[in-house]
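Spelled out from the first residue to the last, the chains are:
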Amino acid sequence: MNNFRKIIRIIIPSIWYCYISGIRYRKGWQIRGRIRIIKNNFLSNKRNGLLKIGKDFKCNNTIKSNTIGVFQPCIFNISFPKSKIIIGDNVGISGSSICACESVIIGNNVLIGSGCLITDTDSHPVDWNDRRENNNDKKGISPVKICDDVFIGARSIILKGVTIGERSVVGAGSVVSKDVPPDCIVAGNPAKVVRFLKQEDDHENKYRQPKDLKC
Ligand SMILES: CC(C)(COP(=O)(O)OP(=O)(O)OC[C@H]1O[C@@H](n2cnc3c(N)ncnc32)[C@H](O)[C@@H]1OP(=O)(O)O)[C@@H](O)C(=O)NCCC(=O)NCCS
């Protein structure tokens, strides 16, 4: 694409979509459609949260902006007092919801397919008494980390407390409830390792316990 076409077709629309989404455009970003950023919840008018996005961000929010279709805009929920969503460099996200009560951290070169949900909270308590009494402070919350070079297939759900190791792939439509080691494919509900992406000995050198993973 020549420079003029790039300015007309990518840069100007991206600047506009950032403006109507309430975020500042950064050079190199490609934004298609408005992102919904939820900064305050209905319980308080206070604006909460931190949203940090790195270089070369690509974000698809309209039906035609992705080859398999996008059925919702991206929603970034940072409406809780300690909410933090941090997105690294060269990340691509299509029509997905990210909800951070505490923190969702996404590394560099991560791809998130259409219609995914990434949340660090159960949103409601497990105990029925607490739900009846609206004791929402008893809901489960645990930070989510998605390390560098991860690819999350369309319509996947990443639940609270999960760390996905470097270079791993989450199969389409998976529900990830436990940590994923680096260099593997996980799939299904609940997601399980279906294949490692390196040779056994190479893998043994690379494998680290999830708590030691670095993003
Ligand atoms: C994960 C993926 C990349 C794996 O592709 P692959 O390397 O060709 O893997 P295979 O097809 O050899 O699958 C290996 C095993 O995992 C299973 N599997 C693969 N993807 C699966 C999925 N999404 N859910 C459940 N099982 C899955 C296969 O059935 C196979 O099982 P088997 O060993 O019992 O036969 C691919 O299946 C996938 O889900 N792609 C994502 C597509 C997508 O969402 N794109 C985003 C567009 S925005």
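Residues numbered from 1 in each chain as written. Predicted model: local features only at pLDDT ≥ 70, side-chain atom pairs only at ≥ 80, totals over all residues.

Asks: Please explain the overall build of the chain as it appears in this structure.
Replies: Counting secondary structure elements, the chain contains three helices and 19 strands. Evaluated residue by residue, the chain yields a buried proportion of 36% over its 215 residues. Look at the contacts in the chain between residues 6 or more apart in sequence, and 39% of them connect residues 24 or more apart. (Helix = DSSP H or I, 4+ residues; strand = E, 2+ residues; numbered from the N terminus. Buried ≥ 20, exposed ≤ 12 C-beta atoms within 10 Å, placed from the backbone. Contact = placed C-beta atoms within 7 Å.)

Asks: Hey, could you run me through unusual backbone geometry in this one?
Replies: Across the chain, the bulk of peptide bonds are trans and the bulk of non-glycine residues have phi less than zero. With an omega dihedral of -5°, the bond running from Asn-189 to Pro-190 counts as a cis peptide bond. With respect to the element layout, Pro-190 can be found in the loop between β18 (184-187) and β19 (192-196). Despite not being glycine, Asp-149 has its phi angle at roughly 65°, a positive value. Here Asp-149 is to be found in the loop between β12 (144-146) and β13 (151-152). For Asp-149, a count of 18 C-beta atoms within 10 Å translates into the label partly exposed.

Asks: Help me out: how do you make sense of the site of the ligand in this one?
Replies: By nearness alone, 17 residues border the ligand, and Gly-113, Gly-153, Ala-154, Gly-171 and Ala-187 come closest of all. Looking at the shell around the ligand residue by residue, the class counts come to seven nonpolar, nine polar and one charged. (Near = placed C-beta within 6 Å. Nonpolar A, V, L, I, M, F, W, Y, C, P; charged D, E, K, R; others polar.)

Asks: Where do I start with the environment of Phe-151 in this structure?
Replies: Position of Phe-151 relative to the elements: it lies in strand β13. Considering only alpha carbons, one finds Phe-151 and Ile-185, 34 residues apart in sequence, at a separation of 9.4 Å. Residues within four places of Phe-151 in sequence aside, it is in contact with Leu-111 and Val-169.

Asks: Any chance you could explain the sheet that holds β18 here in plain terms?
Replies: What links the strands of a sheet is backbone hydrogen bonding, and the strands pair in either a parallel or an antiparallel sense. Pairing in this open sheet of eight strands is mixed, and the strands run β1-β4-β7-β10-β13-β16-β18-β19 from one edge to the other. Edge positions in the open sheet fall to β1 (30-32) and β19, since each of these has one partner strand only. Note: strand β10 (residues 111-112) against β13, two bridges, orientation parallel. Following the sheet pairing, Leu-111 is matched in β13 by Phe-151. (Pairing = 2+ DSSP bridges.)

Asks: Hey, could you run me through the sheet that holds β12 in this one?
Replies: A sheet is described by the order of its strands in space; here five strands give the open sequence β3-β6-β9-β12-β15, paired in parallel fashion. Either end of the sheet is taken by a strand with one partner, and the two such strands are β3 (50-53) and β15 (163-164). Note: strand β6 (residues 84-87) against strand β9 (residues 103-106), four bridges, orientation parallel. Bridge pairing in β9 places Lys-84 opposite Ser-103.

Asks: Before we go on, may I ask you to explain the confidence of the model for the chain in this structure?
Replies: Keep in mind that low pLDDT regions are not for reading the predicted coordinates in detail. Overall, the prediction assigns the chain a mean pLDDT of 91, with 90% of residues at 70 or greater. For residues 207-215, every residue scores under 50 in pLDDT, and the model assigns this stretch 14 contacts once sequence neighbours within four places are set aside. (pLDDT = per-residue confidence, 0-100.)

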